[in-house]
Amino acid sequence: ETAVFQTPNYHVTQVGNEVSFNCKQTLGHDTMYWYKQDSKKLLKIMFSYNNKQLIVNETVPRRFSPQSSDKAHLNLRIKSVEPEDSAVYLCASSEQGNYAEQFFGPGTRLTVL
Amino acid sequence: QQKVQQSPESLSVPEGGMASLNCTSSDRNFQYFWWYRQHSGEGPKALMSIFSDGDKKEGRFTAHLNKASLHVSLHIRDSQPSDSALYFCAASEHNNYAQGLTFGLGTRVSVFP
C-alpha cells in the first residue's frame, strides 16, 4: 500500500516533556511537510523538507524541530511541550513542482496536560 | 487576516441537492488552488485542483476560478451523505510549492436525508 503513515495516532503528555512523532511515505515523493491543525481546524504549515533543504515557517517556536533520515521519513520532535501545542499534527508529501498534489497522513493528536 | 477566506462557515444540503462553497484570496501571489476534503478523524484529501480561469469538472464536482478577482468556488451536484465533511480551499505561490499550502478555515458541509 502506498500512502503517508503516521505514528502514534494519539499522545497524551505533561507540560515540559519531550515528544517525537513519526512520518513515513511510500509514494516515492521528494518533498515532505508538517502541518499543525488547531482546535478550530485551521491548518498551518510548520516545515517542509526537500532534497535535504529545510524550509521553516518563521512563526514556529524553536522547541519544534523536524528530523529526516531519508526522503521517505520526516519526524517531528517537540523539546518541551506547552499547553498550546495541543493539536493534530499532520504529515504530508508531494512530488516537486507547482502542480503537485499533497497527500496527507491521518494525523497524530497531541494532548498536553 | 486570513490570506485565504472561505464562506459559508457551514452548509446544510438535502441529499441529492447542490452545495456551493466559496473561497477568496487576498494575496495576488497565489496562483494555484486546491479543494481538500477532510472527514472526521482523517487527514485532508485533495478533491480537485484548478490553475486556469474557468470551470473544471470532475464527476459531481465542479470548480471555478476567476484569477482577476482571486475567487474560487466548488459546486457539489447530487450531494450524498458521504459528502458530509470539512472542505478546505488551499493555495500556493508560483515556484514556491515547498513553502506548503495556505489553507482557509474551511466550510463544514452536512448532507441530510
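Above this text you will find the structure in question.
Residues numbered from 1 in each chain as written. Chains lettered and ligands numbered in written order. Predicted model: local features only at pLDDT ≥ 70, side-chain atom pairs only at ≥ 80, totals over all residues. Heavy atoms only, no water.

1. A few points about the packing of aromatic side chains
What the rule picks out here adds up to 13 aromatic pairs over all chains. Each ring, one from Trp34 of chain B and one from Phe51 of chain B, has its centre 5.3 Å from the other, and the planes form 70°; the classification is edge-to-face. Taken as a pair, Trp34 of chain B in strand 4 (residues 30–38) and Phe51 of chain B in the loop between strand 5 (45–50) and strand 6 (54–58) lie far apart in primary sequence, 17 residues in all. For the pair shown, Trp34 of chain B and Phe51 of chain B are each scored as buried. Site record: aromatic cluster; members linked through ring pairs are Tyr33, Tyr35 and Phe104 of chain A together with Tyr36, Phe88 and Phe103 of chain B. (Phe/Tyr/Trp six-rings, centres within 6.5 Å; stacked < 30°, edge-to-face > 60°. Helix = DSSP H or I, 4+ residues; strand = E, 2+ residues; numbered from the N terminus. Buried < 20%, exposed > 50% of the residue type's maximum accessible area, 1.4 Å probe, protein only.)

2. Some thoughts on the pattern of salt bridges
With the rule as written, the count across this model stands at nine salt bridges over all chains. Each of Arg63, Glu82, Glu84 and Asp85 of chain A takes part in a single network of salt bridges with overlapping partners. (Salt bridge = Lys/Arg side-chain N within 4 Å of Asp/Glu carboxyl O.)

3. Re the sheet that holds strand 8 (residues 73–78) of chain A
Picture the strands of a sheet paired through backbone hydrogen bonds; they go either parallel or antiparallel. All names here are of chain A. Overall, antiparallel pairing links the four strands, which are arranged 1-3-8-7 in an open sheet. Looking along the sheet, the strands with just one partner apiece sit at the ends: strand 1 (4–7) and strand 7 (64–70). Here the strands of the sheet are splayed against their neighbours by 20° on average, with no regard to which way each runs. Pairing analysis gives five bridges linking strand 7 to strand 8, with the strands arranged antiparallel. Looking at strand 8, one finds that Gln67 is bridged to Asn75. (Pairing = 2+ DSSP bridges. Axes fitted to C-alpha atoms, helices over the stretch in contact; angles between N-to-C directions.)

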